[in-house]
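Observations on the model geometry
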Amino acid sequence: MGVIGWIVLGLLAGAIAKILLPGRDPGGLIGTTVIGVAGAFTGGWISSHYLDRPIANEFYDGPTWAAAVGGSLVLLVVYRILFGHSRSR
């Protein structure tokens with residue numbers, strides 16, 4: 001799967017992460033999309049280097065999707081912690 005495939009996977013993973021973690025994000029739709037793409041790359045890298053799971057060349061590989069969505073969720077949580085709005089406002 002090439003870079004374009006990872007970008008498309010990241011866009012979809014970001015949307016899934018947004019559905020799983022609803023709420024207001026400081027960056028809005030653009031920020032969530034960028035986080036999704038970065039999360040897909042990060043999740044794939046962690047999966048291949050640390051979990052000894054080679055990245056499949058197929059777009060419809062379940063573990064690749066799980067790594068992308070997992071990476072997106074982690075980055076979305078970190079983004080909200082660092083740049084999120086306080087509930088006390």
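Here's what I pulled together on the structure shown here. The shown structure was predicted, so the numbers you read here are calculated from the model rather than taken from an experiment.

What to know about the overall build of the protein chain
Of the regular secondary structure elements, the protein chain holds 3 helices and 0 strands. The helix and strand sequence of the protein chain, counted from the amino end, reads α-α-α. Counting all 89 residues of the protein chain, 31% fall into the buried class. The long-range share in the protein chain, meaning contacts at least 24 apart out of those at least 6 apart in sequence, stands at 80%. Summing over all exposed atoms, the protein chain offers an accessible surface of approximately 5,700 Å²; the carbon and sulfur share of this is 70%.

Looking at the environment of Ile 35
For Ile 35, the location among the structural elements is in helix 2 (residues 28–49). Ile 35 sits in the buried class, given a relative accessible area of 11%. Measuring from C-alpha to C-alpha, the distance between Ile 35 and Ser 72 comes to 6.2 Å, with 37 residues separating the pair along the chain. The residues contacting Ile 35, other than those within four sequence positions of it, are Ser 72, Leu 75, Leu 76 and Tyr 79.

Some remarks on the packing of aromatic side chains
One pass over the full model with this rule turns up 1 aromatic pair. Here Trp 45 and Tyr 50 contribute two aromatic rings whose centre-to-centre distance is 5.4 Å and whose plane-to-plane angle is 85 degrees, an arrangement assigned as edge-to-face. The exposure class of Trp 45 is partly exposed, given its relative accessible area of 43%.

A word on helix 3 (residues 62–83)
Given a rise of 1.5 Å per residue, 22 residues ought to cover 32 Å, and the 31 Å separating the end C-alpha atoms of helix 3 matches this to within 8%. Along helix 3, the residues classified as buried are Thr 64, Trp 65, Ala 67, Ala 68, Val 69, Gly 71, Ser 72 and Leu 76. Residues of helix 3 that are buried in the fold lie against helix 1 (3–20) and helix 2.

Here is what the cut-offs are and how they apply
Residues numbered from 1 in each chain as written. Predicted model: local features only at pLDDT ≥ 70, side-chain atom pairs only at ≥ 80, totals over all residues. Heavy atoms only, no water. Helix = DSSP H or I, 4+ residues; strand = E, 2+ residues; numbered from the N terminus. Buried < 20%, exposed > 50% of the residue type's maximum accessible area, 1.4 Å probe, protein only. Contact = heavy atoms within 4.5 Å. Areas by Shrake-Rupley, 256 points an atom, 1.4 Å probe, with all protein chains shown as cover. Phe/Tyr/Trp six-rings, centres within 6.5 Å; stacked < 30°, edge-to-face > 60°. Expected span 1.5 Å × (residues − 1).

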